[in-house]
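Per-entry structural report
Given next are the chains, with one letter for each unit.
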Amino acid sequence: MSIKENIEMIQKDIPPYANLIAVSKTRTIDEIKEAYETGVRDFGENKVQELIDKTENLNSDIRWHLIGHLQTNKVKYIVGKVHLIHSLDSIKLLEEIEKRYSIKGINANVLIQINIGREESKTGILVEDLNELLKACEACCNVKVRGLMSIIPKGDDETCRKYFKEMKAISDDIKKVSYKNITMDYLSIGMTGDYKLAILEGSNMIRVGEGIFGKRNYKL
Ligand SMILES: *Cc1c(COP(=O)(O)O)cnc(C)c1O
């Protein structure tokens, strides 16, 4: 199936309120253009350098999502170039984002990434550290938290649903409190293999790579 056909199929599968992010890491400019032609405007990258290169070679109405781990020393390169940072996971990173965005006088929209499966190999904050991070976000001026993101552990449908439910519950709990600078507009969960389950469990932002562009080849 073509990129266009894949996108149309996914769009049929998901409700209108759900935001589809086409994960374009490792993909060429031409492949991204093909997705763009079908109307997709949200694209996700996991590396800062690759994201910046692509912003320079593609239309400026694209909304770029930084979905990969963000090192503090790279924050300065993305200011003003990213629609949404999905990977806030420490107070140190928060402070750097606040500092760099306030210098330019613009706001940073971020999601807090939670390591819901407590996997050593994954970044994201642990649930027990969330409160402290939320408090630190309240003290910011230029950082606006817009929701949560997670990459759940690989597993069968039942385990996936369990993790998605946990994420939804955390999001709902935060919603009950009126925090300064923090809203829960987005729940960014669900990828190629599990986006339908994620939507059933309350996702409104899915990040799909291979389901749109086909298998990735990291060796290219
Ligand atoms: C690569 C990536 C995706 C997309 O994965 P697919 O399985 O290709 O859909 C989603 N989220 C993050 C954070 C990624 O790095």
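Rules used throughout
- Residues numbered from 1 in each chain as written.
- Predicted model: local features only at pLDDT ≥ 70, side-chain atom pairs only at ≥ 80, totals over all residues.
- Heavy atoms only, no water.
- Salt bridge = Lys/Arg side-chain N within 4 Å of Asp/Glu carboxyl O.
- Helix = DSSP H or I, 4+ residues; strand = E, 2+ residues; numbered from the N terminus.
- Buried < 20%, exposed > 50% of the residue type's maximum accessible area, 1.4 Å probe, protein only.
- Near = heavy atom within 4 Å.
- Polar contact = N/O pair within 3.5 Å; in protein donor to acceptor, adjacent residues only side chain to side chain.
- Areas by Shrake-Rupley, 256 points an atom, 1.4 Å probe, with all protein chains shown as cover.
- Nonpolar A, V, L, I, M, F, W, Y, C, P; charged D, E, K, R; others polar.
- Phe/Tyr/Trp six-rings, centres within 6.5 Å; stacked < 30°, edge-to-face > 60°.
- Lys NZ or Arg CZ within 6 Å of the ring centre and 35° of its normal.
- Pairing = 2+ DSSP bridges.
- Right-handed = clockwise from strand over helix to strand, strands pointing away.

Bringing the pattern of salt bridges into the picture now. Applying the stated criterion across every chain yields a total of 19 salt bridges. As a salt-bridge pair, Arg41 and Asp61 come within 3.3 Å of each other at their nearest N and O atoms. One end of the pair, Arg41, is in the loop between helix H2 (29–37) and strand E2 (42–45); the other, Asp61, is in the loop between helix H3 (48–57) and strand E3 (63–66), and 20 residues separate them in sequence. Under the relative-accessibility criterion, Asp61 is labelled partly exposed at 38%. Between Asp172 and Lys168 there is a salt bridge; the shortest N-O distance is 3.0 Å. Here Lys168 and Asp172 lie together in helix H7 (residues 157–176), a separation of 4 residues that amounts to about one turn. When its relative accessible area of 26% is taken as the criterion, Lys168 is described as partly exposed. Overlapping salt bridges bring together Glu45, Glu50 and Lys54 as one network.

Looking now at the site of the ligand. Contacts to the ligand come from Val23, Lys25, Ile67, Met149, Ile151, Met191, Thr192, Arg207, Val208, Gly209, Glu210 and Arg216. Thr192 places a polar side-chain atom, nitrogen or oxygen, 2.4 Å from an oxygen atom of the ligand. Summarising the interface, the protein chains cover 89% of the accessible area of the ligand, which totals 390 Å² for the free molecule. Counted by class, the shell around the ligand contains 6 nonpolar, 2 polar and 4 charged residues.

Here Thr26, not a glycine, exhibits a phi torsion of approximately 70°, which is positive. Turning to its location among the elements, Thr26 is positioned in the loop between strand E1 (19–23) and H2. Thr26 gets classed as partly exposed once you look at its relative accessible area, which sits at 31%.

In this structure the tally under the stated criterion is 1 aromatic pair. Ring centres 6.0 Å apart and planes at 40° place the aromatic pair Phe43 and Trp64 in the tilted group. With Phe43 in strand E2 and Trp64 in strand E3, this residue pair connects regions lying 21 residues apart in the sequence. Residue Phe43 is classed as buried on the basis of its relative accessible area, which comes to 0%. For Trp64, a relative accessible area of 3% translates into the label buried. It is Arg41 that lies over the ring of Tyr36; its NZ or CZ is 3.5 Å from the centre. Positioned above the aromatic ring of Tyr163 is the side chain of Lys162, whose terminal nitrogen or guanidinium carbon lies 4.5 Å from the ring centre.

With that out of the way, let us pick up the pairing of strand E5 (residues 108–113). Counting buried residues along E5, 5 of its 6 residues qualify, which places the element largely inside the surrounding structure. For strand E4 (residues 84–88) and E5, the ladder comprises 2 bridges, and the chain directions are parallel. Paired with Ile85 across the two strands is Val110, which belongs to E5. Where the polypeptide runs from E4 across helix H5 (residues 91–104) and back to E5, its parallel neighbour, the crossover connection is right-handed. Where E5 and strand E6 (residues 143–149) come together, 6 bridges link them in parallel fashion. Bridging from a neighbouring strand, Asn109 pairs with Lys144 of E6. Handedness of the crossover joining E5 and E6 through helix H6 (residues 130–138): right-handed.

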